[in-house]
Amino acid sequence: MRGVTDRLRGTGLLLRFALRRDRVLVPVWVLLLTATVVASAAATGPLYATAGERVAAAEALNASPAIVALYGPILDTTSLGELSMTKMTVLYAVFVAFMSVVVVRRHTRVEEETGRAELVGATAVGADAPVAAALLEAALASLLVGTLAAVGNIACGLPAMGSVLFGASWAGIGHVGAGIAVLSAQLSSSARTVGFIASAVVGVLYVLRAIGDTSASWLSWLTPFGWGTQLSAWSEPRAWLLVGYPVLALVLTAAGLALRRRRDLGAGVLPDRPGPARGAPRLGDALALVWRQQRTGLAGWTVGIGAIGIAMGSIVPGIGDLLDTDRTRPIIEAMGGVGGLQDSLVFALASVVAVVITCFGIGAVTRAAGDEHDGRTETVLATATSRAAVLVAVASAALLGSTWLLLVSGAATAVGRGDGVGAVGAALVQAPAVWVVLAVALLLLSVRSRWAVAGWAVLAACVTLGQVGAGLELPDWVLGLSPFHHVPKYPAEAFAWTPELLMTALTALVLGVAWTRYRSRDIG
Amino acid sequence: MEVVSNAIEVHDLVKLFGRARALDGLELSVSAGEVHGFLGPNGAGKSTTIRVLLGLLRADGGTTTVFGLDPWRDATAIHRRLAYVPGDVSVWPNLSGGETIDLLLRMRDLDPRATRRDELLQRFEFDPTKKGRAYSKGNRQKVALVAAFAAPTDLLVLDEPTSGLDPLMEQVFNECLAERKAEGTTVLLSSHILSEVERLADRVTIIRRGRTVESGTLTELRHLRRNRVRAEVSGPLPDLTDLAGVHDVEVDGRVVSASVDPVGLPLLLKALDAAGVVSLTSAPPTLEELFLDAYRSTGG
Ligand SMILES: Nc1ncnc2c1ncn2[C@@H]1O[C@H](COP(=O)(O)OP(=O)(O)OP(=O)(O)O)[C@@H](O)[C@H]1O
Ligand SMILES: [Mg+2]
């Protein structure tokens, strides 16, 4: 027993320190998630005049395999709570899990990679204290977001029992995210690779559930993202399913800690492979360097986005048959027939994927900020490389990389659907909006490298506006702050040049301002 | 034969970080072909000065030229003629050491195959196949050192280049630097290792709180400073404390020692002669003493 207390010595101190470092990150993340829950809970009820309309809406959602794949099914179509929390139950639960992944990775592997863990390890702090503090913080944040979600739902008039169970499922998925992260953090010595592994695990668990919910239903029971739906929080709950979260989290954490004891500080379980002794002649300037850095990541993204595109595309043709019932036929006709319905679905899917792809671009920009913080940009700029070349390299990775991914997504959707340029167009019309967000991120980098991370906040704000803005009946100009609001709803509606050209011009303008700032500021 | 011009010329340099004055009227001149030691306590502004010289930071006042050019406007033209080694080298975690070295050389418009890269890898006992994240502090330092020494260049800017190197590698560094010096390369060497500077530097500049407090050749600086004189006398001990220019007098039996300003030396010798001096040693101040003196004596 003494051994354990020794190994945990200083956990409280490190926890306080970690909470201090995350005093913006975690509250913002928690509040954004809570805000979406509250907005959704408050907006859904008044949307439907009668209970009958609401049930029809729930049935329509269930009838769309794409929606079910994205959000999971609605088990009880008569339940207001379940309809209100459709997006939150599964899709937003992913963001809860990611919060824990980010927190745990940040305080474990990132600390080891930067060497700060060594500093801490050399003090009287116990060997397990840093990882314990990281896990405790993730647990606290998960409990907090679960509690706030439950309280928010109750405050909006949803049933207390269902609200509490729903909140518990969010807290649970947060714990599972922490377990995934602590296990992943043992595998590679690279914090970047660890982030990639943990994200991939979360992604696979989410996709398994999507397959389960749309075809092989037993799969949904195997992944924690399926439990949120199967818990059936709002009617005839299977509360015993909640046990699954802490059990899974404990198993993952125990496995992670066992691996951790077997390895050296800073090392990973997976070995580091040696690299070439000489550089390829092409690797000779800032542009080549940035693309070399992005190479592996972009390849992974291309495969992932391509797979999602094919999966989405193959769902689209079926939607007409599934909805072809006597009751729904008039609704479909009103929406422009089966073709029109398919086109709206293509647009809706493309706009979700565009946001995901923007993440790639913002990642490229924040990576450049990291290079500057660590002094690598200084090393590059002390050679014959100009500042223009450095900024162009980052901008090209962000803008061209994400445009390429949009193209891949569109082409893959078209292939999956088996026809038409509509899907390619639907993906590409999103490009100007993606560029605007990325240009703002580049501007932040150009004003001060430390501000680049705020690019994530810009994207989060745009997404939040799009998701909750309409429900809250915000004025049009507020909704219009998000560039995604101005994207033509192609192919459901006609393509429009004006917003696209204006957003492209805005991108150019913001990039111009960014360059004047970047050329005249201090580096480092 | 062109006129020997100064490779680096800094006059009245001011750099503010917010309200803090990191550099406050700094003077520095490095003539072509010399090794110039750049000294000062932690936070004195050495790295800041070097970053201004490289055009990474914008000066808030004063004039700065490198090869007669303004580093803020003509950074790339200047950088083609220099190599820079920072005190804390950061490498790309997923590039191997060899790739990083070749990249840095190519970014200076050099072809790695036409340089002494391979020879230096051997001398520094550096394994170029490891990934960046796997290198220790000293090995990261070697990446920048190999890239800097691999090809001839007009100017070497070295900011604590040996931090993290073991004594053996430090010696290799010294050899490389001596070779460069023999070839006529201009070197600006910021370092806390005074023996290194004393051995290699032609001139030194000592700064403190963003200002230059001393500058000149080591001989010049020594002439301005007190020698430590130690003498054994046979006769009655003279009273040295009242002599002008003589300080810190200590007596131990028949041995007397004191610090002497250059002006006080004739008086002291006369007094010792009168006391029947038996043996006499006079030591010039070490760079370390000059350095400590410069830190303490000038208030800021
Ligand atoms: N980017 C920055 N922002 C704010 N202050 C800075 C910045 N860079 C340096 N300073 C401050 O400027 C002063 C000079 O720092 P500098 O790094 O030039 O010192 P140095 O002489 O190189 O010291 P050392 O011997 O420790 O390397 C210090 O007080 C430092 O805190
Ligand atoms: Mg320094």
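Quick look at the overall build of chain B now. From N to C terminus, chain B includes 10 helices and 13 strands. Seen through its C-alpha atoms, chain B measures out along the principal axes to roughly 75 × 45 × 45 Å. Within the span of chain B, comprising 300 residues, buried residues form 51% of the whole. In chain B, of all internal contacts separated by at least 6 residues, the share reaching a separation of at least 24 is 67%. Put simply, chain B shows about 13300 Å² of open surface, and 50% of that area lies on carbon and sulfur atoms. Treating the 36 positive side-chain charges of chain B as one cloud and the 42 negative ones as another, the clouds have centres 6 Å apart.

Right, let's talk about the domain arrangement of chain A for a bit. All names here are of chain A. For chain A, the domain assignment lists domain 1 (1-271) and domain 2 (282-524). A straight line from the C-alpha centre of domain 1 to that of domain 2 covers 26 Å. Of the residues lining the interface, 16 residues belong to domain 1; the matching set on domain 2 comes to 15 residues. Where domain 1 abuts domain 2, roughly 1400 Å² becomes buried across the two surfaces, and 73% of that area is made up of carbon and sulfur atoms. For domain 1, the biggest contributors to the area lost against domain 2 are P65, A66 and R192; these three give 27% of the whole.

This part is about the pattern of salt bridges. Residues and elements named next belong to chain A. For the structure shown, the criterion picks out 35 salt bridges over all chains. In this structure, R417 and D343 form a salt bridge, with 3.7 Å as the shortest nitrogen-oxygen distance. Here R417 is found in helix α21 (residues 387-417), whereas its partner D343 is found in helix α19 (residues 337-374), with 74 residues between them in sequence. The buried category is assigned to R417, whose relative accessible area is 15%.

Here the focus is the interface of chain B and chain A. Each side of the interface is counted separately: chain B has 37 residues, and chain A has 39 residues. Both faces combined, the contact of chain B with chain A buries some 3300 Å², and carbon together with sulfur accounts for 54% of it. On the chain B side of the interface with chain A, the three residues burying the most area are L56(B), W92(B) and M107(B), jointly 21% of the side's total. For the pair chain B and chain A, the interface holds 4 salt bridges. Notably, a salt bridge pairs D522(A) with K15(B), separated by 2.6 Å at the nearest N-O pair. Our enumeration of links across chain B and chain A arrives at 22 residue pairs in polar contact (both at pLDDT 80 or more).

Residue and element names in this part refer to chain B. In the neighbourhood of ligand 1, the contacting residues comprise F17, A22, P41, N42, G43, A44, G45, K46, S47, T48, E160 and H192. Here an oxygen atom of ligand 1 and a side-chain polar atom of N42 are 2.9 Å apart. Protein burial of ligand 1: of its 640 Å² of free accessible surface, 59% is covered by the chains. At 3 residues, helix α1 (residues 46-53) tops the list of elements feeding residues into the shell around ligand 1. Residues belonging to the shell around ligand 1 are distributed by class as follows: 4 nonpolar, 6 polar and 2 charged.

Calculation criteria
- Residues numbered from 1 in each chain as written.
- Chains lettered and ligands numbered in written order.
- Predicted model: local features only at pLDDT ≥ 70, side-chain atom pairs only at ≥ 80, totals over all residues.
- Heavy atoms only, no water.
- Helix = DSSP H or I, 4+ residues; strand = E, 2+ residues; numbered from the N terminus.
- Buried < 20%, exposed > 50% of the residue type's maximum accessible area, 1.4 Å probe, protein only.
- Contact = heavy atoms within 4.5 Å.
- Areas by Shrake-Rupley, 256 points an atom, 1.4 Å probe, with all protein chains shown as cover.
- Lys, Arg positive; Asp, Glu negative; His and termini not counted.
- Charge placed at Lys NZ, Arg CZ, Asp CG, Glu CD.
- Domains from an automatic or database assignment.
- Buried area = accessible area lost by both parts, 1.4 Å probe.
- Salt bridge = Lys/Arg side-chain N within 4 Å of Asp/Glu carboxyl O.
- Polar contact = N/O pair within 3.5 Å; in protein donor to acceptor, adjacent residues only side chain to side chain.
- Near = heavy atom within 4 Å.
- Nonpolar A, V, L, I, M, F, W, Y, C, P; charged D, E, K, R; others polar.

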